[in-house]
Amino acid sequence: MMKSSSKLLKSTFTLLSLITLAGTITPIVATPTTIQAKKAKKKHYITAKNKHQFKFGYAYVYNKKKHCYIGHKMSKKERQQFNMPKEQKIQKAKSNYDVPKISNFTDNILDKYNLKGDRWANIKITYNDNDLSTEQQNIVEQAIKQINQLNIITINKTTKTKANITFRLSNKENKNNVIGDTVINDEGQIYKGLITASTATITLYSKGLNKYTNDDYKLKLNDVTLHELGHALGLGHNDQNKHEIMQPISDTKSIEKIDSTHVAIDQDYIKGLAILYQN
Ligand SMILES: [Zn+2]
């Protein structure tokens, strides 16, 4: 199974730096110094000590003297220039898992709960798996049902191409017996230090999968689907526990199972999702 979190983290940081860059490119106010312009200028400037405090729709420049980022609200023109999407309302899950209230997802919090630093704005998201075989679709559907039964977020199937999560099948030869990987595109809306996701693509590799047969195949695909969906929803790798779904290297044998074709969703997985979506 694939470690895609380094790739995912990279995309996260690219976005943050893009926001910073936007500020660099756009010099701070070049309008004539009329009283009105000054007033407007004052109103729209904010500061941030670190990137976790960045607000959506603002472009930031680091100010060495003041040791902080100075942000200004991007104009409509700037937003178009940098292709910024419209701000989405963040939905919170109404589930009752006992997880801490997080006001800001700092690096420490992300590390502690093995989170990547992103989540979906909505708690209802869609997936498209048109590219998969009927048998694979059934297995994926069952894995998604396991996630939906946690009552944190709901993932619904769609046949529209504009799904949040898209599954695709690859016949490509891959290194290290990779069976799945996930790539997320972030939108750049920042919420409590998290970045919102816009689309995710989960690739399943036939060559890796086809080494398994019968129940082993179903079990493997169930495990891989839960692992990659974990990434797509915001979970990173869990290096500490080798018996959990989000361990970096797939070892389905050591994971707790419900039956011969389904792994059991572990507590760290549930906790991660609850922390991300209840906050
Ligand atoms: Zn992984």
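This one's a predicted model, so the numbers in the text were calculated from it and none came from an experiment.

1. Description of the overall build of the chain
Point 1. In terms of regular secondary structure, the chain is built from 8 helices and 11 strands.
Point 2. In the chain, which comprises 279 residues, the share counted as buried stands at 51%.
Point 3. Long-range contacts, defined as pairs at least 24 residues apart, comprise 72% of the intrachain contacts of the chain with a sequence gap of at least 6.

2. Quick look at the sheet that holds strand S2 (residues 58–63)
Point 1. Ordered by their spatial adjacency, 3 strands build an open sheet running S1-S3-S2, and the pairing between neighbours is antiparallel. Two strands bound the open sheet, and with one partner strand each, they are strand S1 (45–48) and S2. The sheet shows a mean angle of 30° between the axes of neighbouring strands, direction not considered.
Point 2. Here S2 pairs with strand S3 (residues 68–73) via 6 bridges, running antiparallel. Of the residues in S3, the one forming a bridge with Tyr60 is Gly71.

3. Some remarks on the pattern of salt bridges
Point 1. For the structure shown, the criterion picks out 2 salt bridges.
Point 2. For Lys116, the salt bridge is made with Asp118, and the minimal N-O distance between the two is 3.3 Å. Here Lys116 and Asp118 have matching classes, each one buried.
Point 3. With a shortest N-O distance of 2.7 Å, Asp129 and Lys157 are connected by a salt bridge.

4. Quick word on helix H5 (residues 134–148)
Point 1. For H5, which comprises 15 residues, the first-to-last C-alpha distance of 20 Å matches the rise-based estimate of 21 Å (1.5 Å per residue) to within 8%.
Point 2. Residues of H5 that are buried: Gln136, Gln137, Ile139, Val140, Ala143, Ile144, Gln146, Ile147 and Asn148.

5. Quick notes on the packing of H5 against helix H7 (residues 214–233)
Point 1. Viewed as axis vectors pointing N to C, H5 and H7 meet at an angle of 55°, and their least axial separation amounts to 9 Å. The pairing of H5 with H7 is recorded here as oblique in orientation. Regarding H5 and H7, the two cross each other, and that crossing is right-handed. Contact residues: Glu135, Gln136, Ile139, Val140, Ala143, Ile144, Gln146 and Ile147 in H5; Tyr217, Lys218, Leu221, Asn222, Thr225, Leu226, Leu229 and Leu233 in H7.

6. With respect to the environment of Thr261
Point 1. Within the secondary structure layout, Thr261 lies in the loop between strand S10 (257–259) and strand S11 (262–263).
Point 2. Each residue touching Thr261, except ones within four places of it in the same chain, is listed here: Asp215, Lys218, Leu219 and Asn222.
Point 3. Separated by 3.1 Å, the side chains of Thr261 and His262 make a polar contact.

7. Overview of the packing of H7 against helix H8 (residues 267–278)
Point 1. Relative orientation of the contacting elements H7 and H8 amounts to 20°, with a least axis distance of 11 Å. Taken together, the axes of H7 and H8 lie roughly parallel to each other. When the axes of H7 and H8 are compared, the crossing they make is left-handed. Counted together, Leu226, Leu229, Gly230 and Leu233 of H7 and Tyr269, Leu273, Leu276 and Tyr277 of H8 form the full contact between these two elements.
Point 2. Of the residues that constitute the contact of H7 with H8, the class distribution is 7 nonpolar, 1 polar and no charged.

8. Quick look at the side chain of His262
Point 1. Topologically, His262 is positioned in strand S11.
Point 2. Note on His262: relative accessible area 15%, which makes it buried.
Point 3. Among the polar contacts made by the side chain of His262, one reaches the side chain of Gln142 at a distance of 2.6 Å.
Point 4. Sequence-distant contacts of His262, defined by excluding residues within four places in its chain, comprise Gln142, Gln146, Leu219, Asn222 and Lys257.

How each quantity is defined
Residues numbered from 1 in each chain as written. Predicted model: local features only at pLDDT ≥ 70, side-chain atom pairs only at ≥ 80, totals over all residues. Heavy atoms only, no water. Helix = DSSP H or I, 4+ residues; strand = E, 2+ residues; numbered from the N terminus. Buried < 20%, exposed > 50% of the residue type's maximum accessible area, 1.4 Å probe, protein only. Contact = heavy atoms within 4.5 Å. Pairing = 2+ DSSP bridges. Axes fitted to C-alpha atoms, helices over the stretch in contact; angles between N-to-C directions. Salt bridge = Lys/Arg side-chain N within 4 Å of Asp/Glu carboxyl O. Expected span 1.5 Å × (residues − 1). Parallel < 35°, antiparallel > 145°, perpendicular 65-115°, else oblique. Left-handed = near helix turned anticlockwise from the far one by under 90°. Polar contact = N/O pair within 3.5 Å; in protein donor to acceptor, adjacent residues only side chain to side chain. Nonpolar A, V, L, I, M, F, W, Y, C, P; charged D, E, K, R; others polar.

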